[in-house]
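Here is how the chains run, residue by residue.
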Amino acid sequence: MTAPCRILILGGTGEASELARALTVRFGAAVQVTSSQAGRTREPRAPAGALRIGGFGGAVGLAAYLTGQDIDLVIDATHPFASAISANARAACNSTGCRRLILARPPWQQRPGDDWHHAANATAAAALVAQMGPRVFMTVGRKDLSAFSGLSAHWFLVRLIDRPVQTLPLPRHQILIGRGPFTLATERALLRHHEIDVLVTKASGGSATEAKLLAAREANLPVIMLQRPLSETGEQVDCLAAALTWVSHAFELQAPL
Ligand code: NAP
């Protein structure tokens, strides 16, 4: 019997959890899957296989982990805005010779009726919000909020996965705790209930958080869309099925009988 293919999934996304499950179901004992999460959420969803939590200590730390754990393949299934860990994965795989695949969900596509305003970064997004109605629905996470701190004429509904420990750097706001997937009905009701004038989001892509865009389109609301950072170079797929096919070809794995 040959040794199992040891796979490290860099995660923190719904796709990463689905991938861990799909690899285990599809290839059984032919793979050994470990998922890695940064540890940002207080109650992470446990994926199939092993789970490790916390940073590696940069590219050098990740390279040491890959060597120490005899990892054959890194699948970078992190969020499209998590650029530091993806850069570390590229560097660590280059230095160790470990194979690497990027699983990156496609960005959302603008459709007729959408009123999207693209912003290169949070500062540019704040400048756009300043010209819009006063009630803002923020779905960009915690890290980028300080760019909006000068907008004292605005009120912010801030949706986060976990209740923040520190006060948010926004003058007037309400926190809404919630984790996707969200439905069109709930997003529609939320926009109406809070009388939202403008939605601010990252160009994250994926179905779990897309309903807010449909609700904004229905309500003719403008959307400020933070553009993605450039993705890392390397072999890339955009869906789970393609990732499974890639792994099966790269390591000559068959589904168990
Ligand atoms: P980041 O800026 O790319 O990473 C910052 C540091 O966090 C990395 O250098 C690494 O620390 C550690 N890290 C990040 N992801 C890790 C992982 N999967 N496993 C182990 N360590 C990890 O990432 P971020 O934007 O803060 O996002 C953190 C995590 O949340 C990511 O895993 C991402 O998939 C998920 N997430 C991010 C967003 C977003 O909008 N950014 C949204 C949803 C989910 P060391 O250098 O010490 O290794």
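Placed above this text is the structure.
What you see is a predicted model; the values in this text were computed from it and never measured. (Residues numbered from 1 in each chain as written. Predicted model: local features only at pLDDT ≥ 70, side-chain atom pairs only at ≥ 80, totals over all residues. Heavy atoms only, no water.)

**Considering the site of the ligand**
Selection criterion: If even one non-hydrogen atom of a residue comes within 4 Å of a molecule or strand, that residue is called near it. Polar contacts, as used here, are pairs of N or O atoms within 3.5 Å; protein pairs need one atom able to donate a hydrogen and one able to accept it. Residues neighboring in sequence count only if both atoms are side-chain atoms. Where accessible areas are quoted, they stem from the Shrake-Rupley method and a 1.4 Å probe; at the residue level, only the protein chains shown are allowed to cover. Secondary structure elements follow DSSP: runs of H or I of four or more residues count as helices, runs of E of two or more count as strands, with numbering from the N terminus.
Close to the ligand lie 23 residues, the nearest being Gly11, Ser36, Phe56, Gly57 and Lys202. Between the ligand and alanine 82 there is a distance of 3.3 Å, counted from an oxygen atom to a backbone nitrogen or oxygen. Taking lysine 202, its side chain carries an N or O atom lying 2.7 Å from an oxygen atom of the ligand. About the coverage of the ligand: the protein hides 79% of its 810 Å² of free accessible area. For the shell around the ligand, the secondary-structure elements that each account for two or more residues are strand E2 (31-37) and helix H3 (83-96).

**Notes on the nonpolar core**
The test is simple: For this analysis, a nonpolar core means a set of buried residues of the types Ala, Val, Leu, Ile, Met, Phe, Trp, Tyr and Cys, connected via side-chain atoms within 4.5 Å. A simple rule labels every residue: compare its accessible area, found with a 1.4 Å probe on the protein chains alone, to the largest value its type can have, and call it buried under 20%, exposed over 50%, or partly exposed in between.
Counting residues in hydrophobic clusters, the biggest one holds 23 residues, and the most contacted among them are Met138, Phe148, Phe156, Val158, Val200 and Ile224. Among the secondary structure elements, those contributing two or more residues to this core are helix H4 (122-129), strand E7 (135-139), strand E8 (155-160), strand E10 (198-202) and strand E11 (222-226). The element that contributes the greatest number of residues to this core is H4, accounting for five residues. Among the nonpolar cores identified, the runner-up in size contains 22 residues, and Cys5, Ile9, Val33 and Leu253 belong to it.

**Description of the sheet that holds E10**
Which entries qualify depends on this criterion: Two strands pair if DSSP finds at least two bridges between them. Fitted lines through C-alpha atoms give the axes, limited to the stretch in contact for helices. The angle between two N-to-C directions lies from 0 to 180 degrees. Throughout, a residue-residue contact means that at least one pair of heavy atoms, one from each residue, lies within 4.5 Å.
Strand order in the open sheet formed by six strands is E6-E11-E10-E7-E8-E9, with parallel pairing between adjacent strands. The sheet is open, and its two edges are formed by strand E6 (115-119) and strand E9 (173-177), each paired on a single side. The average undirected angle you get between the axes of adjacent strands in this sheet is 20°. In terms of strand pairing, E7 meets E10 through four bridges, oriented parallel. Each bridged residue has a counterpart across the sheet, and for methionine 138 the counterpart in E10 is valine 200. Here helix H5 (residues 184-193) sits on the sheet and contacts E7, E8 and E9; the angle it forms with E8, its principal contact strand, is near 155°. On top of the sheet, helix H6 (residues 211-218) reaches E6, E7, E8, E10 and E11; it is set at about 150° to E10, its chief contact.

**Quick notes on helix H1 (residues 14-27)**
So the rule is basically this: Helix span, expected: 1.5 Å multiplied by one less than the number of residues in the helix.
Between its first and last C-alpha atoms H1 spans 20 Å; for 14 residues at 1.5 Å apiece the expected length is 20 Å, and the two agree. Listing the buried residues of H1 in full gives Ala16, Leu19, Ala20, Ala22, Leu23 and Phe27. Structurally, H1 contributes buried residues whose contacts are with strand E1 (5-10), E2, strand E4 (73-76), strand E5 (99-103) and helix H7 (240-250). Note on H1: the residue one or two positions beyond its end, glycine 28, has a positive phi of about 55°.

**Description of the pattern of salt bridges**
Just so we agree on the cut-off: The rule for a salt bridge is simple: a side-chain nitrogen of Lys or Arg has to be within 4 Å of a carboxyl oxygen of Asp or Glu.
What the rule picks out here adds up to seven salt bridges. Salt-bridge contacts for arginine 188 lead to glutamate 218; the nearest nitrogen and oxygen are separated by 2.7 Å. With arginine 188 in helix H5 and glutamate 218 in helix H6, this residue pair connects regions lying 30 residues apart in the sequence. The exposure class assigned to glutamate 218 is partly exposed, which follows from its relative accessible area of 45%.

**Digging into the packing of aromatic side chains**
Let me state the cut-off plainly: Any pair of Phe, Tyr and Trp rings, taking the six-membered ring for Trp, is counted once the centres come within 6.5 Å. Such a pair is stacked with planes under 30 degrees apart, edge-to-face with planes over 60 apart, and tilted for the rest. By the criterion adopted, a ring carries a charge over it if an Arg CZ or a Lys NZ lies within 6 Å of its centre and within 35 degrees of its normal.
Inspection of the entire model under this criterion finds two aromatic pairs. Look at phenylalanine 148 and phenylalanine 156: their rings are 6.3 Å apart centre to centre, the planes differ by 75°, and that puts the pair in the edge-to-face class. Each member of the pair, phenylalanine 148 together with phenylalanine 156, is buried. Stacked on the ring of phenylalanine 251, the Lys or Arg arginine 99 has its end atom at 5.9 Å from the ring centre. Lying across the ring of tryptophan 155, arginine 135 places its NZ or CZ 4.1 Å from the centre.

**Quick word on a positive patch on the surface**
How we decide: Grouping into patches uses exposed residues only, defined as over 30% relative accessible area, and leaves out salt-bridged ones; the cut-off is 9 Å for like charges and 5 Å for nonpolar side chains (Val, Leu, Ile, Met, Phe, Trp, Tyr). Under the counting rule used here, the positive set is Lys and Arg, the negative set is Asp and Glu, and His together with the chain ends is not counted. Taken as the charge location is NZ of Lys, CZ of Arg, CG of Asp or CD of Glu.
Together, Arg40, Arg42, Arg142 and Lys143 give the surface a local cluster of positive charge. Considering the arrangement of structural elements, one finds arginine 40 in the loop between E2 and strand E3 (50-53).

**A word on the side chain of threonine 34**
Within the secondary structure, threonine 34 is located in strand E2. Once residues within four sequence positions are removed from consideration, threonine 34 is found in contact with Ile7, Leu8, Ile9, Ala50, Arg52 and Tyr65.

**Notes on the packing of H5 against H6**
Applied cut-off: The cut-offs work like this: below 35 degrees is roughly parallel, past 145 is roughly antiparallel, 65 to 115 is roughly perpendicular, and the gaps in between are oblique. Crossings are assigned a handedness: left-handed for a near helix turned anticlockwise from the far helix by less than a right angle, right-handed for a clockwise turn. In the scheme used here, Gly and all other residues not listed as nonpolar or charged are polar, with Ala, Val, Leu, Ile, Met, Phe, Trp, Tyr, Cys and Pro taken as nonpolar and Asp, Glu, Lys and Arg as charged.
Relative to each other, H5 and H6 sit at 50°, their axes nearing to 8 Å. Judged by the angle between their axes, H5 and H6 are oblique. Crossing angle aside, the handedness with which H5 passes H6 is right-handed. Of the residues in H6, those touching H5 at Leu184, Glu187, Arg188 and Leu191 are Ala211, Lys212, Leu214, Ala215, Ala216 and Glu218. When its residues are assigned to classes, the contact of H5 with H6 shows six nonpolar, no polar and four charged.

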